[in-house]
Each structure stands twice: as structure tokens, then as C-alpha cells.
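# Survey of secondary and tertiary structure
The primary structure of each chain is shown beneath.
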Amino acid sequence: ADVVYLRSVLPSTTEDAFFHYLATLDASEVTVSAMPEGSVVFPRVPFLQVKGPLLVVQLLETTLLCLVSYASLVATNASRFRLLAGPDMKLMEIGLRRAQGPDGALSASKYSYIGGFDCTSNVLAGKLYGIPVRGTIAHSFIMSFTSLEEVQLRELPPLAGGKPADLLALAESWLQRDFQGLLDTYCVRRSGLPNFCAVALALHQLGYQAIGVRLDSGDLAQQSKEIRSVLRACGTHFQVPWFETIPIAVSNDISEQSLEEFRREGSEIDMIGIGTNLVTCPLQPSLGCVYKLVEVNGSPCLKLTEEEEKMTIPGTKTIYRLYDAVGHPFMDLMALEEEPSPSAGQELVVRVLERLDEATKVVPTTVKPLLRTYFREGQVCELLPSLPEVRSYVQMSLSLLNPGHRHLHEPQPYPVRPPLCQAPLAHAQE
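Just so it is clear, the model here is predicted, and its values are computed rather than measured. (Residues numbered from 1 in each chain as written. Predicted model: local features only at pLDDT ≥ 70, side-chain atom pairs only at ≥ 80, totals over all residues. Heavy atoms only, no water.)

## What to know about the UniProt feature "domain: Nicotinate phosphoribosyltransferase N-terminal" (unreviewed entry) in the protein chain
Per the UniProt entry, the sites bearing "domain: Nicotinate phosphoribosyltransferase N-terminal" (unreviewed entry) are residues 2-69 in this numbering. Segment residues 2-69 splits into 47% helix and 12% strand. End C-alpha atoms: 25 Å apart. (UniProt positions renumbered as here; feature names shortened; annotations may be inferred. Helix = DSSP H or I, 4+ residues; strand = E, 2+ residues; numbered from the N terminus.)

## Examining the sheet that holds strand 17 (residues 372-376)
One open sheet holds the four strands; their spatial order is 2-1-17-18, and the pairing between them is antiparallel. Lying at the two open borders of the sheet, with one neighbouring strand each, are strand 2 (48-51) and strand 18 (379-380). (Pairing = 2+ DSSP bridges.)

## Some points on the pattern of salt bridges
Under the counting rule described, the total for this entry stands at 13 salt bridges. Linking Glu256 and Arg80 is a salt bridge whose minimum nitrogen-to-oxygen distance equals 2.7 Å. Judged by relative accessible area, which is 7%, Glu256 ranks as buried. The shortest N-O distance in the salt bridge between Arg189 and Glu226 comes to 3.6 Å. Here Arg189, found in helix 8 (residues 188-205), pairs with Glu226, found in helix 9 (residues 220-237); they are 37 residues apart in sequence, far enough to count as distant. Classification of Arg189 as partly exposed rests on a relative accessible area of 37%. For Glu226, a relative accessible area of 29% translates into the label partly exposed. Here the residues in one salt-bridge network are Arg228, Arg232, Glu268 and Asp270, joined through shared partners. (Salt bridge = Lys/Arg side-chain N within 4 Å of Asp/Glu carboxyl O. Buried < 20%, exposed > 50% of the residue type's maximum accessible area, 1.4 Å probe, protein only.)

## Topic: the packing of aromatic side chains
Taken as a whole and assessed by the stated rule, the structure comprises six aromatic pairs. Ring plane angle 85 degrees and centroid distance 6.4 Å describe the contact between Phe81 and Phe117, whose orientation is recorded as edge-to-face. Residue Phe81 is located in helix 3 (residues 54-85), and its partner Phe117 is located in the loop between helix 4 (101-115) and strand 4 (119-120); the two are separated by 36 residues in the primary sequence. Judged by relative accessible area, Phe81 falls into the buried class, the value being 1%. Ring plane angle 80 degrees and centroid distance 5.2 Å describe the contact between Phe141 and Phe145, whose orientation is recorded as edge-to-face. For Phe145, a relative accessible area of 34% gives the class partly exposed. Just above the ring of Tyr323 sits the side chain of Lys368; from NZ or CZ to the centre is 5.0 Å. (Phe/Tyr/Trp six-rings, centres within 6.5 Å; stacked < 30°, edge-to-face > 60°. Lys NZ or Arg CZ within 6 Å of the ring centre and 35° of its normal.)

## Here's the deal with the sheet that holds strand 4
Pairing is parallel in the open sheet, where five strands are placed in the order 4-3-9-8-7. Of all the strands in the sheet, the pair left with one neighbour each is strand 4 and strand 7 (213-215). As defined by bridge partners, strand 7 adjoins strand 8 (residues 248-250) across three bridges and the pair is classed as parallel. Residue pairing for strand 8: Val213 is matched across the bridge by Ile248.

## Focus on the pairing of strand 9 (residues 271-274)
Residues Met271 and Gly273 point to one face of strand 9 and Ile272 and Ile274 to the other, with burial holding for every one of them. Where strand 3 (residues 90-93) lies against strand 9, four bridges are found, and the strand directions are parallel. Across the sheet, Lys90 pairs through a bridge with Met271, a residue of strand 9. By the bridge criterion, two bridges tie strand 8 to strand 9 in an arrangement that is parallel.

Below, the structure is given as C-alpha cells:
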């Protein structure tokens, strides 16, 4: 069917032999090597390597770039939010309504989780990928009630068993005891917070514990501190210790700047829901992944262009990550496949191509090859890890980085050295 369709859109002068050839293509001759999923990748370092018949690997170009680029972009964006929020803050992906269609939303949920988010509001993503799901009450649900008489199911049995109690009456009784879900449908302090405390205390009477509250407007950091103060006072006054630690979640167009403000001002926030600025990646809407020919029939290929950054580095390469004595990676080394592997403790002399008169000596404490073969001759060589395993690997990879390289603003440049050669001094390039 694919060949029939191509016949209909290509010029009528296209030779039949071309279509017959397309029908014989076999991907079993392709070999795919890649960095492990969740690896930290630096500019100009090839993280995917494809070998095979020229036409086959050319046909894979667009598919691979489509699959890799957005995934890497969203995972990177999520990792930036995780670094800003810190390891203890719960992060919830809530971008379904802002994503580029349902497919984009599912991808965003999956790769946000890989990048370090804890859960998603996308229930389908939870079903398909096993990502923990979390949600909240809609404003429209609260607004749909005009009086307490509309509450039909009022009774709730105690958690320990026994005669059902009128939960609504219990909550109303707590509202009369003079103490100061989603709190801001109408007003946080005058309606949302008192009503939440009343319902939470009524639930406590029956043996249940409230899950938490969410703020969705206003000065979120300041409100969180005011709410925590009330919850503490309420817990102390009525001798309900867990009240002081009721989780406070926030949302409302949260950005990297928002997280920086929370940290600067201080807050009592326990969970942050991030949607638009996570799934649409406004700071960098696309990732410049490229797929370039570097060798054909055993001969290295070099693309020359007016723009230096678009020049390719010829030859089939092996990638090594060099680590210092503290365990931080300090350099990625790209060697030609036929070159001997560098070793831990070996002194390496490298040069930058633009400054051949300047040499740098480095001695790695640890050397790790980064590319693994995942597919060869039609067979899977190495099984892919599970989603939680990839997520853990991301955080481990980020934690190993030198703090200077991990800065989100003006990070210390990470050196990448292209191919070594057999000369006494290895040619290299920043």
C-alpha cells in the first residue's frame, strides 16, 4: 500500500525499478547504537549512531528525529524544573489542555515523568505508562452547587466501622467553633479555607485524613504561608497533629521564574502543578537535533558550509565520558572507532582545532564508553529499561554533574573534544 501511494504522488516518469527496489528494503541490515536512555547529552556529541544501507538509513532520518527531538526537549525542560524545585518538592504535570493535541499530551506526560516529575493529571498516560496519577476538584464542580440542600449523599460511615454519620452536619458544626480541595473558587481566606478546615475536621471525627489543598490564583507563596499558619493553629487548638502537615499544592501558569521566586521568598508549598510552561517549552520550542552522514563505504564524510556550527565532524566515532577523582564528568571525548580506547589514569594530550599551538593535558580517574548497541541484524541486542528505571537514571546522571555545569543560568561550559588521532597530540575542538 505504501508503494502504491508513492506511485500516485511521484512523477509518472519514475522508473518501475525504483518501486520494486523499495519493496525489497530490509531493516535487518541496520545497526543502532545509542547512549542509555536518560543520559545527559552535551552539544555536538552524537547520542545515536545508525549503520546500514544508505537508502535505509536515509529513510530513518525523519522518523528518528521526530521521535527523539520532542522527547529530549520535554525531558530536558522537566529536568530544569526539577533542579529548580529541589529533590523534595512534588511536581505534577498538568499540561493536557495546553499540549499540541492528544499525542503531544501523552508524549509530554511520559517524558516529563522521565525528566523528574512525580505524577500526571493525564489519566490515559497513567493507564498506558504506569505513571502515578493525581488530580483535584474542578472549579466548575464547586460552582455547580447553589445550596447545601443540593448535596444528596450526606452520610459517611466511620473508617473503623459503625453507624454512618451526617458529614454535612458535622462540617457545619465545626464551622461554628470559631477558628481561622481547591480553595480559591470564590475566596481563599473567607470561604475556601474555613470550609476546608470544617470538612477536614469532620472527616477526622470519622477516622479519615484530608489529602491536601490547592491554590490556583493570587500570590501563591504568601498564601501558602498564611494557610500553613492557620492549619497549624487549627491543629494545635483542636489537638489534631496531622493538620499542621496537610500538603499545600499550587498551580497557575507556573514557570521557571515562579520557582525561583518561591525559593527566594520562601513558601510552605509541598506540590507544584506545571502545565503550559512544561509541555510547550516556551523558552526553547524546538531542539536542534541533526542526523548527518559521517562515513560511507569506509570513507569519512565532511560537510562544509558557510556556517561553522553546521560543519560536521567526519568519521564513525566512539564516545567516552571522562570523570575526575570526585566522580564528576569533566569532558566528553569523541574518538574514531579504530583508535585505541583511553584508559583511567592515562595522560591524554588534546588540542583545540582553532588553537593548535595550545595543548591541554588531562588524566581521567574513570573512563566510560557511552554508546551501546541496541539493535543489530534484525535483533534487539539489549532490552530497554522500564520508565521508572530511566527516570532514576536521569536523576543519577544529573547528580553526577559538577555544580558549575548544572547551573541553569550561565553554566560553566562543558568541554567536548572531537576525534582523537594517532599523532602525539590529539586534535580536538571545543
